[in-house]
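Remarks on the overall topology
Okay, here's what each chain looks like letter by letter:
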Amino acid sequence: MAEQKTNVMRILDQRKINYKAYEYAHGEGAVDGATVAKLTGLDPAKVFKTLVTRGAGGNIYVFDIPVTAELDLKKAAKAVGEKSVAMIHVSEINALTGYVRGGCSPIGMKKQYATVIDSSCETLDSIVVSAGKIGYQVELPPAELIKLVRAKTADIVCD
């Protein structure tokens, strides 16, 4: 259990959602998701990264996908009913979500954006997402995460 509680962990505690916290050593700034999986000793298939996009209509969307996968922007757009979606610029992450690059969690963003989690989560007993701070991750059942952030699932990764 991580010694330091993040806002994500506090939200999970408040909602009485069981989770397991992980802490990993990191240098300055963010590390990629595959490295996070390696540092925590977790299966990369169950470690998910949180990506933030803007749709053609201007709405913000959140997508969670396995760290070794790549977001298919066409599938992502279709999943949220947009003509297209594009990744937001790194400089916008904090203003939109309250998080920094490498510490972005689908839980506890400044605003609850429409969220889609890759359907591969449905085959897993638990998934791991950022705990909202670089160096911290939380593991919880996908159904709990889906319910908490009012997400839907879809096939949104490149084949």
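Whatever comes next refers back to the structure up there.
Residues numbered from 1 in each chain as written. Predicted model: local features only at pLDDT ≥ 70, side-chain atom pairs only at ≥ 80, totals over all residues. Heavy atoms only, no water.

We now examine the pattern of salt bridges. Enumeration according to the criterion identifies five salt bridges in this entry. Measuring nitrogen to oxygen at the nearest pair gives 3.0 Å for the salt bridge that ties Glu 139 to Lys 46. Residue Glu 139 is located in strand 7 (residues 136–140), and its partner Lys 46 is located in the loop between helix 2 (33–40) and strand 2 (48–55); the two are separated by 93 residues in the primary sequence. For Glu 139, a relative accessible area of 12% corresponds to the buried category. Residues joined in a network through salt bridges with shared partners are Lys 75, Asp 155 and Asp 159. (Salt bridge = Lys/Arg side-chain N within 4 Å of Asp/Glu carboxyl O. Helix = DSSP H or I, 4+ residues; strand = E, 2+ residues; numbered from the N terminus. Buried < 20%, exposed > 50% of the residue type's maximum accessible area, 1.4 Å probe, protein only.)

In terms of nonpolar packing, the biggest core is built from 30 residues, with Leu 12, Ile 107, Val 129, Val 138, Leu 140 and Leu 145 touching the most fellow members. With near-sequence residues (within four places) excluded, Leu 140 lies in contact with Leu 12, Ile 17, Asn 18, Tyr 19, Ser 126, Ile 127, Val 129 and Leu 145. Of all hydrophobic cores here, the second largest spans 15 residues; its members include Ala 76, Ala 79, Val 116 and Ile 156. (Core = buried A, V, L, I, M, F, W, Y, C linked by side-chain atoms within 4.5 Å. Contact = heavy atoms within 4.5 Å.)

As a further point, take the sheet that holds strand 1 (residues 20–23). Within a sheet, each strand pairs with its neighbour through backbone hydrogen bonds, oriented either parallel or antiparallel. What the three strands build is an open sheet, ordered 1-7-6; its pairing is antiparallel. This sheet does not close on itself; its edge strands, each paired only once, are strand 1 and strand 6 (127–130). Across the sheet, the mean angle separating the axes of adjacent strands is 30° when strand polarity is ignored. Alignment of strand 6 against strand 7, held across four bridges, turns out to be antiparallel. (Pairing = 2+ DSSP bridges. Axes fitted to C-alpha atoms, helices over the stretch in contact; angles between N-to-C directions.)

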